[in-house]
Amino acid sequence: MSDNPLRVAVVGSGPAGFYAAGALLDADVPIEVDMIERLPTPWGLVRLGVAPDHPKLKSVSRAFERIALKPGFRFFGNVEVGRDLSHGDLVELYDAVIYAFGAQTDKRLGIPGEDLQGSWSATEFVAWYNGHPDYQNLHFDLNVDRAVVIGNGNVALDVARMLALTPEELAPTDTTDPAIEAIGASTIKEILIVGRRGPAQASWTTQELKEMGELAGADIAVDPAELELEAESEAALEHDTNARRNMEVLRDFAARAPTGKSVTLRFLFFHSPVALHGDGKVEAIEVVRNRLENQDGRLVAVPTDEHETLECGLVFRSVGYRGVGLPDVPFDERRGTILNENGRIVGQERAYCAGWIKRGPTGIIGTNKKDASETVALLLEDVHAGRLTHRKDVTAAAVEAVLAERDARAVLYAGWTSIDETERAAGEKLGRPRVKLRSWNDLLEAAERVAARTA
Ligand code: NAP
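Residues numbered from 1 in each chain as written. Predicted model: local features only at pLDDT ≥ 70, side-chain atom pairs only at ≥ 80, totals over all residues. Heavy atoms only, no water.

Moving on to the pattern of salt bridges. Under the definition given, this model contains 36 salt bridges. The partner of arginine 74 in a salt bridge is glutamate 400, with the nearest N and O atoms 2.4 Å apart. With arginine 74 in strand E3 (residues 73-76) and glutamate 400 in helix H15 (residues 396-405), the pair connects residues that are 326 residues apart, well separated along the chain. We note a salt bridge from arginine 161 to glutamate 211, for which the minimum N-O separation is 3.5 Å. With arginine 161 in helix H7 (residues 154-164) and glutamate 211 in helix H10 (residues 206-211), this pair connects stretches of sequence that are 50 residues apart. On the basis of relative accessible area, glutamate 211 is assigned to the buried category, the value being 15%. Because the salt bridges share partners, they merge into one network encompassing Arg47, Glu65, Asp420, Glu423, Arg424 and Arg434. (Salt bridge = Lys/Arg side-chain N within 4 Å of Asp/Glu carboxyl O. Helix = DSSP H or I, 4+ residues; strand = E, 2+ residues; numbered from the N terminus. Buried < 20%, exposed > 50% of the residue type's maximum accessible area, 1.4 Å probe, protein only.)

Topologically, glutamate 32 is positioned in strand E2 (residues 31-36). Of the residues examined, glutamate 32 reaches a relative accessible area of 17% and is grouped as buried.

Taken residue by residue, H15 has Val399, Val402 and Leu403 as its buried positions. All buried residues of H15 project into a common sector of 95 degrees when viewed along the axis, lining one side. Looking at H15, the residues exposed on the side facing more than 90 degrees away from the buried face are Ala404 and Glu405. On its buried side, H15 packs onto strand E1 (6-11), E2, E3 and helix H5 (87-93). Where H15 ends, the next residue or the one after it, aspartate 407, has phi of about 60 degrees, a positive value. (Arc of directions from axis to C-beta. Contact = heavy atoms within 4.5 Å.)

Attention now moves to the sheet that holds strand E14 (residues 314-317). A sheet is described by the order of its strands in space; here six strands give the open sequence E6-E14-E7-E8-E10-E9, paired in parallel fashion. Since the sheet does not close on itself, it has two edges, and those belong to strand E6 (119-121) and strand E9 (218-221), each with one partner. Here the strands of the sheet are splayed against their neighbours by 20 degrees on average, with no regard to which way each runs. Packed onto the sheet, helix H6 (residues 122-129) meets E6 and E14 and runs at close to 75 degrees relative to E6. (Pairing = 2+ DSSP bridges. Axes fitted to C-alpha atoms, helices over the stretch in contact; angles between N-to-C directions.)

We now examine the site of the ligand. The ligand sits among 23 residues. The nearest are Asn154, Arg196, Arg197, Ser203 and Gly363. At 2.9 Å, a backbone N or O of asparagine 152 approaches an oxygen atom of the ligand. Contact between the ligand and valine 155: an oxygen atom at 3.1 Å from a main-chain N or O atom of the residue. Within the complex, the protein chains bury 81% of what would otherwise be the 930 Å² of accessible surface of the ligand. For the shell around the ligand, the class distribution of residues is nine nonpolar, nine polar and five charged. (Near = heavy atom within 4 Å. Polar contact = N/O pair within 3.5 Å; in protein donor to acceptor, adjacent residues only side chain to side chain. Areas by Shrake-Rupley, 256 points an atom, 1.4 Å probe, with all protein chains shown as cover. Nonpolar A, V, L, I, M, F, W, Y, C, P; charged D, E, K, R; others polar.)

Here we come to the sheet that holds strand E12 (residues 284-295). If you walk across this open sheet you meet the three strands as E11-E12-E13, and the pairing is antiparallel. Two strands close off the open sheet at either side, each with one partner strand: strand E11 (271-277) and strand E13 (298-311). Between one strand axis and the next, the sheet turns by 25 degrees as a mean value, whatever way the strands run. Sheet analysis places E12 next to E13, joined by 11 bridges and oriented antiparallel. Across the sheet, residue alanine 284 finds its bridge partner in E13, namely glutamate 311.

Here we take up the packing of helix H1 (residues 15-25) against helix H4 (residues 61-68). Running from N to C, H1 and H4 cross one another at 40 degrees; their axes reach a closest spacing of 10 Å. The pairing of H1 with H4 is recorded here as oblique in orientation. For H1 against H4, the interelement crossing comes out left-handed. Only Phe64, Ile67 and Ala68 of H4 make contact with H1, whose side of the interface consists of Pro15, Phe18, Tyr19, Ala21, Gly22 and Leu25. Counted by class, the contact of H1 with H4 contains eight nonpolar, one polar and no charged residues. (Parallel < 35°, antiparallel > 145°, perpendicular 65-115°, else oblique. Left-handed = near helix turned anticlockwise from the far one by under 90°.)

Enumeration according to the criterion identifies 18 aromatic pairs in this entry. Ring geometry for tyrosine 19 against phenylalanine 64: centres 5.6 Å apart, planes inclined by 80 degrees, an arrangement best described as edge-to-face. Pair noted here: tyrosine 19 is in helix H1 and phenylalanine 64 is in helix H4, with a separation of 45 residues, a long-range link. When sorted by exposure, tyrosine 19 lands in the same class as phenylalanine 64, which is buried. (Phe/Tyr/Trp six-rings, centres within 6.5 Å; stacked < 30°, edge-to-face > 60°.)

Shown next as structure tokens:
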């Protein structure tokens, strides 16, 4: 490393954070990166969001491992910005900071009954079955006849599919044991996926939709009448390959006859939830039929006066994630993102952002590579223009001193490697990729085992 590398903090260790770190470490000027992560584990939604039955998607973590091995990279897990370090600390301790901490919460429906027992956000369910240590005390009662999933995005498909997987399908995955047990013992007969607009407006990717028809334990049901598109939706298909392919898959689903599997996955389009009903817990969902109306060039769902009430014991709200701001960092409340121009944080010097907290919760994992590269390109533009320079008192040791002074129990990369090895070893015996450690204590103890070994 050069004597005077630029020192950059990347906050968040999901795809956007790692791709930003990779681009910084490959830059034509010497740069050192400290990645700061709230959890003891890296990889963000690749570890804790991507469905466990999608190991291929999770394999992108190998690229992150390669980035972590580059000279100049350090990982500080279990360090929370807002608790251990403030925005003010970061801009003082580093020459620049890139926020890439994603979208931590979910959008609300804003309907009566939304908080009844049995009404969950998809983010809670996903974090639970993936072993997020903050969500392990949740108790999902899957002993109901019908579960309803609201939303027509890929997360809704993940939730519906995970609910429908058989024990044999779950066994080779890294789904947590309590989730495997609960899903295995589930009595759900129907999983209803409800979209407020039509099949041509759904935001699923075709591969993910197709998979819904390939499950061992679930039949798929689509009403062919709902696939008869009005003129505007039909015309829009011409320019939208994904939607066109989705329609082909749905037509194939609609032509299928039930084969007697114990679960039916059913799609219901053009309906919005208006209320959840029940005495202390969800017993039914009231939906209204929508029609589509062109408003400023976009087909939006407009409610009619046709209401229907469907019995159900569980509701998963999967209507999108939402970013949460940080004190002293300007935030766009409407979009749920840091206020930024292509990744440069508005009104701030030496502060940038990437990924979902920059552009909102859209796109697939790979989208973050381009997004993070764009942010890093702007940062480098500032370096080359002399607007961003290394300051002499910005050192690696200064960061360590501040963390020690604040009693932060940072998990370094070797600590994560120790967690990783522990989990993989437990998984190997069972023919699974890993058995995840699920509590803060277990994670921190496994991380500290390496410190004990090397002490
Ligand atoms: P999304 O794709 O934005 O889908 C959100 C869905 O919720 C849309 O169907 C939206 O309908 C609906 N919705 C929003 N507000 C609603 C309301 N008030 N009432 C009823 N429905 C409402 O978001 P996501 O599914 O959370 O996924 C987030 C991102 O992660 C996406 O880019 C997704 O592709 C990606 N992802 C990818 C994978 C994969 O590649 N396997 C897996 C999971 C997630 P409208 O269209 O009408 O707004």
